[in-house]
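# Remarks on the overall topology
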Amino acid sequence: MRVSSSGKICCGSVTRCENPASGPGGGTFVLVRGAAAERRGRGPSLGDGAVAMMEPEARLRVLELYSGVGGMHYALKESCIAAEVVAAVDINTVANEVYKHNFPNTYLCAKTIEGMALDEFNKLDFDMILMSPPCQPFTRIGSQKDVLDPRTKSFLYILDILPRLSKIPKYILLENVKGFETSVARDKLIETLESCRYTYQAFLLSPTLLSIPNSRLRYFLLAKLQPDAFCFQTSHQILKYFPDHDDTDLRSTDGSSFNQISSTEGDKKEQKDPEYCAENGKSQANVNLLYKLETPEHLKHKQIQNNDLSIRMIQDFLEEGLQDPSPYIIPSKSLLRYALILDIVEQTCRRSVCFTKGYGHYVEGTGSVLKTASDVELSEIFQSFQALSEDEKLNQLSKLKLRYFTPREIANLHGFPPEFNFPEKISLRQSYRLLGNSLNIHVVAKLIRLMVE
């Protein structure tokens, strides 16, 4: 159990969490239980034998690179460690508007990273780097030029200055797409970390491991300056689970072992697969009538996802009482063209595919769409669909009441808190693009805790 900065209870038998009333440098709450509580002296009771204690602790100074809309900043807050972002750096002017809107008191440096002199970095005196470098050089559908891509210039500059900093940061967390792990850029990163005497661990993780119904497989790397070590056993292998006791049940159950498989295999295909959410009780024969391109392997993959009760339902992440769904209705032209490959999910589904920056503008391979009609089955709509005229197809598809997920709903799936929002001048397309470039906050928050503990 733990106390978050918002006063919520967190987990762990002994956990440090930021004291919201203390201000910068104020201290942390330490939760202790049982005999430990008696030995340390009792503070205010939190129930269940837990006691809140106050201990002074220096706040870690964090540098947020490629800050985007602030996903790393929110993850840092959710992690409950005593820390503050001393600077955020990003060149994207639209993302910076959103960042400033949500974090008005954080210093935001709107310039290229490679445009910052070594002295500027030294003056920030940071203990931790959180970064999510551009992914396009490494994506399967991107250029895959790796370090030859100009967009890696800033990342290579970071690797160049890291050993030359007056104070080498104690912690580094990097996020990128699957594919980064086989890149030359990754090799250069490891070479730099080893030369600076870091211990490190790589991961390939998806939010499904945290019961979130969204596949978003990403590469993560944690690095910790020696002689300090991680609280878990490191491995040269890329881990596909969270290495702590909280996830023992996830790794041992049938549903979660599937999560690990789907994180590596399913997400590889998520951009191409014509997926849909198999309804409970549907026979395979009926389902095969829906999407003729679907293989039995794809079908089994989706059925396992939808039947995994450890994953929450999509409905838990939807906007309540959406007043005007019209901006999110899929155009008729797109429906006709992509009907057979739309990834259609329902409110009771426990899966959705990765939302990309093209969501809401492009249809194919950019994310799931929501079927809001509860009284119509997909099999009824797609029965003999190919033999229908265009008008008849549109009439059938309209019964499903399909729409895009709203930006708020995608933000919910990504773990952004309710207070996160976009300035009014940010367009719908810009919102989708920014969220598609973002990360899952819950996954990163858990990794930050693992890194610092």
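This text follows the structure it describes.
Just so you know, these numbers come straight off a predicted model, no measurement behind them.

## Some remarks on helix α3 (residues 93-102)
Taken as a whole, α3 has its buried residues at A95, N96, V98, Y99 and N102. Along α3, the residues classed as buried sweep out an arc of 160 degrees about the axis, all on the same side. For α3, the secondary structure elements touched by its buried residues are β7 (60-65), α2 (71-79), β8 (83-89), β9 (108-109) and α15 (428-436). At the N-terminal boundary of α3, the capping side chain belongs to N92, with an oxygen 3.0 Å from the backbone nitrogen of V94.

## Notes on α15
Residues S431, Y432, L434, L435 and G436 constitute the buried set of α15. In this fold, the buried residues of α15 make contact with α3, β16 (402-404) and α14 (407-414).

## With respect to the pattern of salt bridges
Per the stated rule, a full pass over the model turns up 15 salt bridges. Across the pair E97 and K425 runs a salt bridge whose closest N-O atoms are separated by 3.3 Å. Residue E97 is found in helix α3, and its partner K425 is found in the loop between α14 and α15; the two are separated by 328 residues along the sequence. In the salt-bridge network here, residues are joined through shared partners; they are E97, K100 and K425.

## Let's talk about the sheet that holds strand β10 (residues 128-131)
Taken in spatial order, the seven strands of this open sheet run β9-β8-β7-β10-β11-β13-β12, and their pairing is mixed. The two strands at the open ends of the sheet, each matched to only one other strand, are β9 and β12 (198-205). Where β7 and β8 come together, six bridges link them in parallel fashion. Bridged to V62 within β8 is V85. Here helix α6 (residues 184-195) sits on the sheet in contact with β11 (171-177), β12 and β13 (218-225), set at roughly 15 degrees to β13.

## Some words on the side chain of E346
Within the element layout of this structure, E346 appears in strand β14 (residues 344-346). Side chain to side chain, E346 and K371 meet in a polar contact 3.2 Å long.

Rules used in this analysis
Residues numbered from 1 in each chain as written. Predicted model: local features only at pLDDT ≥ 70, side-chain atom pairs only at ≥ 80, totals over all residues. Heavy atoms only, no water. Buried < 20%, exposed > 50% of the residue type's maximum accessible area, 1.4 Å probe, protein only. Helix = DSSP H or I, 4+ residues; strand = E, 2+ residues; numbered from the N terminus. Arc of directions from axis to C-beta. Contact = heavy atoms within 4.5 Å. Polar contact = N/O pair within 3.5 Å; in protein donor to acceptor, adjacent residues only side chain to side chain. Salt bridge = Lys/Arg side-chain N within 4 Å of Asp/Glu carboxyl O. Pairing = 2+ DSSP bridges. Axes fitted to C-alpha atoms, helices over the stretch in contact; angles between N-to-C directions.

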